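Here is how the chains run, residue by residue.
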Amino acid sequence: MNFTEQDVLKALSHVDDPDLHKDLVTLNMVRNIAINGNQLSFSVYLTTPACPLKDLIENACRTAISHFIGPEVDVKINMTAEVTADKKTNAALPNVRNIIAVGSGKGGVGKSTVAAALGSVLSKMGANVGILDADIYGPSIPILFGVQNQAIEMEVVNGVELMKPVMADNIKLFSIGFLSNPNEAVVWRGPMISKALQQFITGVNWGQLDYLIIDLPPGTGDIQLTLAQTLPISGAVIVTTPQNVAIADARKACAMFSMQPIGIPILGIIENMAYFIPEDAPDKKYFIFGEGGARQLATQFNTQILGSLPISVQLMSDSDKGLMKDTDSLKNFTEIAQQLARQLAINNSLK
Ligand SMILES: Nc1ncnc2c1ncn2[C@@H]1O[C@H](COP(=O)(O)OP(=O)(O)OP(=O)(O)O)[C@@H](O)[C@H]1O
Ligand SMILES: [Mg+2]
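Residues numbered from 1 in each chain as written. Chains lettered and ligands numbered in written order. Predicted model: local features only at pLDDT ≥ 70, side-chain atom pairs only at ≥ 80, totals over all residues. Heavy atoms only, no water.

## Considerations on the packing of aromatic side chains
In step 1: For the structure shown, the criterion picks out three aromatic pairs.
In step 2: Here the aromatic rings of Phe 174 and Phe 200 are separated by 4.9 Å at their centres, their planes lie at 55 degrees, and the arrangement is tilted. Of the two residues, Phe 174 sits in strand β11 (residues 171–175) while Phe 200 sits in helix α6 (residues 190–202), which places them 26 residues apart along the sequence. Accessibility classification places Phe 174 together with Phe 200 in one group, the buried group.
In step 3: With 6.0 Å between their ring centres and 55 degrees between their planes, Tyr 275 and Phe 287 make a pair best called tilted. On the criterion of sequence distance, the pair formed by Tyr 275 in strand β14 (residues 266–275) and Phe 287 in the loop between β14 and α9 (293–300) is long-range, its members being twelve residues apart.
In step 4: According to the relative accessible area criterion, Phe 287 is partly exposed, its value standing at 35%. (Phe/Tyr/Trp six-rings, centres within 6.5 Å; stacked < 30°, edge-to-face > 60°. Helix = DSSP H or I, 4+ residues; strand = E, 2+ residues; numbered from the N terminus. Buried < 20%, exposed > 50% of the residue type's maximum accessible area, 1.4 Å probe, protein only.)

Written out as structure tokens, the structure is:
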């Protein structure tokens, strides 16, 4: 069996990334090709470790090699990832590839829970994740990860003094809740908060991040508007519950992000506490708070529903206990995290 690296590249140029509509070779996803007799190995760099199309792409590569080179080639594929960067985010913060803002209009709809869960899932999938708690009125991220008593340490990086994020396994956390007197912040106004948050972004030693998730304060007032205007956000995720009052507020949040010149893409809507499945009647599904509002909202703003989450007693109790990164309920967030990462990669490829 005799074939070259060129043959391999030619074969794999017949495999398209289904989302990006270009072939893997053009996208520079195929690397580290090694040939030894009829043994072939190479790496495929996906746009995110959370890529839901991983198996599909791997199978397509195997089929292409078999078809264009020969079925007798012994193929070993290392499916790995290099998260693509949003140009705007990356220009402002060279170490950060994407910033995801998690917002809502209404308070108490599960924004912090969702931000923490998505961060945990993306981190477990192999991404470098940071979570910035921007909710100065009710910082919840320290509680959700059970690290509320941590004090912030300083460290000098290249001659600059930076604040060290608090680690929860591999997830880097920063919250105003870690600072000595968080109560002071409650009287801050928009511009002050925006300044403080800018500092949390540039004054924290985040290191290399694939995804920086920002848990925004609830509402669509002055503060949220300033944040949306000043932070280099790649896209927003809107969390809502199904009630009309929540949907009405979520609509305001969507309008705020979409407003020109802000123009932050809405990556999708997450419908939280959408239904209840009783433990003793798992075949029953009750839509306690109503149905259909999130779908209408998604249509109106030309975006998608990233997922609908059930009311989960376990999620609530685990988050109260600070077990966010290990709760069994994270399984409900896997597909949402995949779809979110996928949408960011698509958006990045179009810029
Ligand atoms: N799917 C769910 N099932 C059950 N409880 C949930 C669910 N999602 C969130 N909760 C609970 O609802 C409460 C509010 O959630 P969370 O603090 O995440 O909301 P929030 O939108 O961040 O609120 P705030 O506006 O105060 O920042 C918490 O006690 C949380 O555990
Ligand atoms: Mg919150």
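Structure's up, so let's keep going.
## Overview of the packing of helix α4 (residues 111–124) against helix α11 (residues 334–350)
In step 1: Relative orientation of the contacting elements α4 and α11 amounts to 80 degrees, with a least axis distance of 9 Å. One finds that α4 runs roughly perpendicular with respect to α11. Counting all contacts with α4, which are made through Leu 118, Val 121 and Leu 122, the residues of α11 involved are Thr 334, Ile 336, Ala 337, Leu 340 and Ala 341. (Axes fitted to C-alpha atoms, helices over the stretch in contact; angles between N-to-C directions. Parallel < 35°, antiparallel > 145°, perpendicular 65-115°, else oblique. Contact = heavy atoms within 4.5 Å.)

## Some points on the sheet that holds strand β5 (residues 74–81)
In step 1: The strand order across the open sheet formed by three strands is β3-β4-β5, and the pairing between neighbours is mixed. Two strands in the sheet have a free side with no partner beyond their single neighbour: β3 (30–36) and β5. Across the sheet, the mean angle from the axis of one strand to that of its neighbour is 15 degrees, orientation sign disregarded.
In step 2: Each of β3 and β4 (39–46) is contacted by helix α1 (residues 5–12), which is oriented at about 130 degrees to β3, the strand it contacts most.
In step 3: Set on the sheet, helix α2 (residues 54–68) makes contact with β4 and β5; between it and β5 the angle comes to about 150 degrees. (Pairing = 2+ DSSP bridges.)

## Considering the side chain of Glu 271
In step 1: With respect to the helices and strands, the residue Glu 271 is situated in strand β14.
In step 2: Salt bridges are absent for the buried Glu 271, whose nearest opposite-charge side chain, Arg 295, sits at 7.9 Å.
In step 3: Here Glu 271 is in contact with Thr 240, Pro 242, Ala 294, Gly 307, Ser 308 and Leu 309, once residues within four sequence places are set aside. (Lys, Arg positive; Asp, Glu negative; His and termini not counted. Salt bridge = Lys/Arg side-chain N within 4 Å of Asp/Glu carboxyl O.)

## Notes on the packing of α1 against α2
In step 1: Remark: α1 packs on α2, axes separated minimally by 9 Å, with the N-to-C direction vectors making an angle of 120 degrees. One finds that α1 runs oblique with respect to α2. As for the relative orientation of α1 and α2, their crossing is right-handed in sense. Of α2, the residues touching α1 (which contributes Val 8, Ala 11 and Leu 12) are Cys 61, Ala 64, Ile 65 and Phe 68. (Left-handed = near helix turned anticlockwise from the far one by under 90°.)

## Notes on the site of ligand 1
In step 1: Taken together, 17 residues lie around ligand 1, and Gly 108, Ser 112, Thr 113, Asn 272 and Ser 312 are the ones closest in.
In step 2: Gly 108 places a main-chain nitrogen or oxygen 2.8 Å from an oxygen atom of ligand 1.
In step 3: For ligand 1, an oxygen atom lies 3.0 Å from a polar atom in the side chain of Asp 135.
In step 4: Relative to its unbound accessible area of 630 Å², ligand 1 is 79% covered by the protein chains.
In step 5: Here the residues of the shell around ligand 1 are counted per class, giving seven nonpolar, eight polar and two charged. (Near = heavy atom within 4 Å. Polar contact = N/O pair within 3.5 Å; in protein donor to acceptor, adjacent residues only side chain to side chain. Areas by Shrake-Rupley, 256 points an atom, 1.4 Å probe, with all protein chains shown as cover. Nonpolar A, V, L, I, M, F, W, Y, C, P; charged D, E, K, R; others polar.)

## Some details on the domain arrangement of the chain
In step 1: As far as domains go, the chain holds domain 1 (5–81) and domain 2 (87–350).
In step 2: A straight line from the C-alpha centre of domain 1 to that of domain 2 covers 34 Å.
In step 3: Contacts between the two partners involve eight residues from domain 1 and, on the opposite side, twelve residues from domain 2.
In step 4: Carbon and sulfur atoms make up 65% of the surface buried where domain 1 meets domain 2, a total of about 820 Å² over both sides.
In step 5: When the buried area of domain 1 at its contact with domain 2 is split by residue, Asp 19, Pro 49 and Ala 50 rank highest and sum to 50% of it.
In step 6: At the boundary of domain 1 and domain 2, one finds one salt bridge.
In step 7: Close ionic contact of Asp 19 with Arg 342 constitutes a salt bridge, the shortest N to O distance being 2.7 Å.
In step 8: The interface formed by domain 1 and domain 2 holds two residue pairs in polar contact (both at pLDDT 80 or more) in total.
In step 9: Here the residues of the side of domain 1 that touches domain 2 sort into five nonpolar, two polar and one charged. (Domains from an automatic or database assignment. Buried area = accessible area lost by both parts, 1.4 Å probe.)

## Here we look at helix α8 (residues 244–258)
In step 1: The first and last C-alpha atoms of α8 sit 21 Å apart over 15 residues, in line with the 21 Å expected at 1.5 Å per residue.
In step 2: Those residues of α8 not exposed but buried are Ala 246, Ile 247, Ala 250, Ala 253, Cys 254, Met 256 and Phe 257.
In step 3: Looking at the buried positions of α8, the neighbouring elements they touch are α7 (222–230), β13 (235–240), β14 and α9. (Expected span 1.5 Å × (residues − 1).)

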